[in-house]
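Coordinate analysis (summary)
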Amino acid sequence: MLARCARCQGTFTTDTFGVQTCPHCGSAIELAAPSGPAGQPPPPGAAPQPPPGEPSWGGAPPPPGPGDLPPPPPPPLGGYAPPPGGSGPPSYGPPRGFGGPPPGGGPPGGGDGLPSPFADRASRGFFPAFFETFKLVAIQPADFFRRVRVDHTGAAILFGVIATSVGALVSGLYSWLTMAGTVAAIQEMMQSVPEEQRKFLELFMQASTGGAVVAQVVLAPVLAFIGIYLAAAVVHLLLLLFKGAPRGFDATLTVAGYAAGLNLLLAIPGCGGIVSVVWWLVVLIIGLGEAQRCGAGKATAAVLAPAIALCLCCCGVLGLGASGLVQGLKQAADAAKQGPTNL
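In this convention, every chain numbers its residues from 1, walking through the sequence in written order. Only residues with pLDDT of at least 70 are given local features in this predicted model, and only at 80 or more are side-chain atom pairs given and counted; all residues enter the totals for whole chains, interfaces and linings. Heavy atoms from the whole structure form the basis of all side-chain values; hydrogens and water molecules are not counted.

Some points on the overall build of the protein
Secondary structure elements are taken from DSSP: a helix is a run of H or I of four residues or more, a strand is a run of E of two residues or more, and numbering for both begins at the N terminus. A count of helices and strands for the protein gives ten helices and four strands. Overall, the protein shows an N-to-C arrangement of helices and strands of β-β-β-β-α-α-α-α-α-α-α-α-α-α. Only protein chains enter the calculation, and the probe is 1.4 Å; a residue is then buried if its accessible area is under 20% of its type maximum, exposed if over 50%, and partly exposed in between. Taken across its 343 residues, the protein has 33% of its residues classed as buried. It only takes one pair of heavy atoms within 4.5 Å for two residues to be counted as in contact. Counting only contacts in the protein whose residues sit at least 6 apart along the sequence, the fraction spanning at least 24 positions is 62%.

Topic: a nonpolar patch on the surface
A patch consists of residues whose relative accessible area exceeds 30% and which take part in no salt bridge; residues with like charges are grouped when within 9 Å of each other, and nonpolar side chains (Val, Leu, Ile, Met, Phe, Trp, Tyr) when within 5 Å. Each accessible area is a Shrake-Rupley estimate made with a 1.4 Å probe; only the visible protein chains count as cover when residues are assessed. For salt bridges, the criterion is a side-chain nitrogen of Lys or Arg within 4 Å of an Asp or Glu carboxyl oxygen. A cluster of nonpolar side chains, contributed by Val222, Phe225, Ile226, Tyr229, Leu230, Val234 and Phe249, occupies part of the molecular surface with about 600 Å² of accessible area. With respect to the helices and strands, Val234 occurs in helix 7 (residues 210-241).

Some remarks on the pairing of strand 4 (residues 28-31)
Note that strand 3 (residues 18-21) and strand 4 share four bridges and pair antiparallel. Paired with Thr21 across the bridge in strand 4 is Ala28. Two strands are said to pair when DSSP picks up at least two bridges between them.

So, the packing of aromatic side chains
Only rings of Phe, Tyr and Trp enter the pairing, Trp through its six-membered ring, and a pair is recorded when the two centres are within 6.5 Å. The plane angle decides the type: under 30 degrees is stacked, over 60 is edge-to-face, the rest tilted. Tallied over the full model, the rule gives twelve aromatic pairs. Judged by centre distance (5.8 Å) and plane angle (65°), the ring pair of Phe118 and Phe126 falls under edge-to-face. Each ring, one from Phe126 and one from Phe130, has its centre 6.3 Å from the other, and the planes form 15°; the classification is stacked. Of this pair, Phe126 and Phe130 are both found in helix 2 (residues 126-139), four residues apart, which corresponds to roughly one turn of the helix. On the basis of relative accessibility, which here comes to 6%, the residue Phe130 falls in the buried class. Here the aromatic residues Phe118, Phe126, Phe127, Phe130, Phe131, Phe144, Phe145, Phe159 and Tyr258 are joined through ring pairs into a cluster of three or more. Seen from the ring of Phe118, Arg121 lies directly overhead, with NZ or CZ sitting 4.6 Å from the centre. For a lysine, the NZ atom is tested; for an arginine, the CZ atom; a charge sits over a ring if that atom is within 6 Å of the ring centre and within 35 degrees of the ring normal.

Remarks on the confidence of the model for the protein
Atomic detail in the predicted coordinates should be set aside for any region of low pLDDT. The predicted model of the protein averages 75 in pLDDT, with 61% of residues at 70 or higher. Every residue in residues 53-60 scores below 50 in pLDDT, and together they form 19 contacts with partners more than four places removed in sequence or on other chains. Scored from 0 to 100, pLDDT records how confident the predictor is in each individual residue. The low-confidence segment residues 75-83 (pLDDT under 50) makes 16 contacts with residues lying over four places distant or belonging to another chain.

Some points on unusual backbone geometry
For residues other than glycine, phi is negative in most cases, and the peptide bonds are mostly trans. A positive phi angle, near 55°, is found at Lys243, a position not held by glycine. Even without being a glycine, Arg293 presents a positive backbone phi close to 55°. Mapped onto the elements of the fold, Arg293 is located in the loop between helix 9 (272-291) and helix 10 (295-342).

Points about the pattern of salt bridges
Any two side chains of opposite charge can pair, so long as their charged atoms come close to each other. Overall, the coordinates contain four salt bridges when judged by the stated rule. For Glu290, the salt bridge is made with Arg146, and the minimal N-O distance between the two is 3.2 Å. Of this pair, Glu290 sits in helix 9 while Arg146 sits in helix 3 (residues 141-147); the two residues are 144 residues apart in sequence, bridging distant segments of the chain. By relative accessible area, which is 21% here, Glu290 ends up partly exposed. In this structure, the salt-bridge partner of Asp151 is Arg149, at a minimum N-O distance of 2.7 Å. Asp151 sits in the partly exposed class, given a relative accessible area of 33%. Here the salt bridges do not stand alone but share partners, grouping Asp143, Arg146 and Glu290 into one network.

Details of the nonpolar core
Here is a general trend for soluble globular proteins: nonpolar side chains tend to be buried in one another's company. Nonpolar core, defined: a set of buried Ala, Val, Leu, Ile, Met, Phe, Trp, Tyr and Cys residues in which side-chain atoms within 4.5 Å join the residues together. Grouped together as the largest cluster of nonpolar side chains are 34 residues, with contacts concentrated most on Phe144, Phe145, Val235, Leu239, Tyr258, Leu284 and Leu288. Those elements that provide at least two residues to this core are helix 2, helix 3, helix 4 (153-178), helix 7, helix 8 (249-259), helix 9 and helix 10. Counting residues in hydrophobic clusters, the runner-up holds eight residues, among them Val161, Ile228, Ala232 and Leu253.

Side note on the environment of Ala129
Within the secondary structure, Ala129 is located in helix 2. With 13 residues separating them along the chain, Ala129 and Ser116 place their C-alpha atoms 8.4 Å apart. Apart from the residues within four sequence positions on either side, Ala129 is in contact with Pro117, Phe118, Arg121 and Arg124.

A few points about the side chain of Ser276
Examined against the element boundaries, Ser276 turns out to sit in helix 9. Note on Ser276: relative accessible area 1%, which makes it buried. Those residues within four positions of Ser276 in sequence are excluded, and the remaining contacts are Leu262, Asn263, Leu265 and Leu266.

Here we look at helix 9
One fewer than the residue count of a helix, multiplied by 1.5 Å, yields its expected span. Helix length check: helix 9 (20 residues) gives 27 Å between terminal C-alpha atoms against 28 Å at 1.5 Å per residue, within 8%. Along helix 9, the residues that are buried comprise Gly272, Ser276, Val283, Leu284, Ile285, Gly287, Leu288, Gly289 and Ala291. Positive phi appears at Arg293, one or two residues downstream of helix 9, with a value of about 55°.

This is how it looks when you write it as structure tokens:
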């Protein structure tokens with residue numbers, strides 16, 4: 001009698017029914033008799049046998065080997081990759097972080113993109129989320145503002161207020177500690193300058209006292225909050241004039257809030273103020289161009305127009321004050337030279 005193994009599909013000759021061993025692969029199979037009870041029961045662990053009338057070559061199919069498993073799906077290209085396990089905040093770093101187009105091709109709505117690390121501070125931790133956001137805003141502003149969600153304005157404003165307050169605190173303390181020698185020199189100068197220049201120097205000294213520093217630190221959060229909204233309102237109005245605000249005021253406010261985080265550089269002694277202003281302008285232009293999808297040209301025009309006007313006003317005021325101070329110093333020097341001659 002010719003039998004066939006279900007595992008290896010090999011055939012062999014046998015004269016009995018019941019449990020058989022395949023000479024080719026060694027599998028245990030059972031050959032059912034054409035009539036009458038079946039042969040001996042299969043040993044424990046043997047595969048289930050077909051009922052009578054079915055083909056007499058049983059056996060279980062081989063288990064899938066390593067080569068039979070389907071390959072894992074490839075990682076997504078260009079977007080945000082979720083962490084292993086499908087939970088937790090999305091990844092913000094290369095190669096799947098910032099750098100490509102936003103999810104969905106960047107529609108004009110405000111809900112596309114991903115929340116910033118600071119918006120996910122509850123799961124990331126406050127300080128890691130703050131400094132990661134600061135790094136992205138300062139070093140990768142184009143990628144950050146291209147992908148960040150613009151409907152999380154609260155997180156953007158809070159980020160800017162905290163950074164500005166810390167920068168103002170460190171800057172005020174440093175100025176107060178280093179102002180003692182300057183105040184002494186100004187007091188000596190006030191004895192020989194005219195009355196008009198003396199009032200200007202008195203105002204400067206009052207702004208350098210400990211009370212003024214405390215007021216600066218206390219009012220820094222309020223002034224930062226007002227400044228963010230004021231800057232966003234002025235820039236957004238100019239963007240509307242240039243037809244460069246398709247995503248609404250929330251996008252402009254988000255950029256203004258995160259860009260204000262660069263005021264943390266005020267903590268750098270000496271040049272911190274200049275560096276923070278220049279860097280803020282650059283990030284604000286790049287951020288508006290990406291967040292509003294209006295391009296760098298319209299963003300530059302909207303940002304630099306009020307900045308140029310403000311610079312001209314400040315230069316005019318400083319020029320008047322400097323000219324009066326120089327004139328007062330000159331008069332004091334002339335009076336010092338004529339003193340010994342009259343005696």
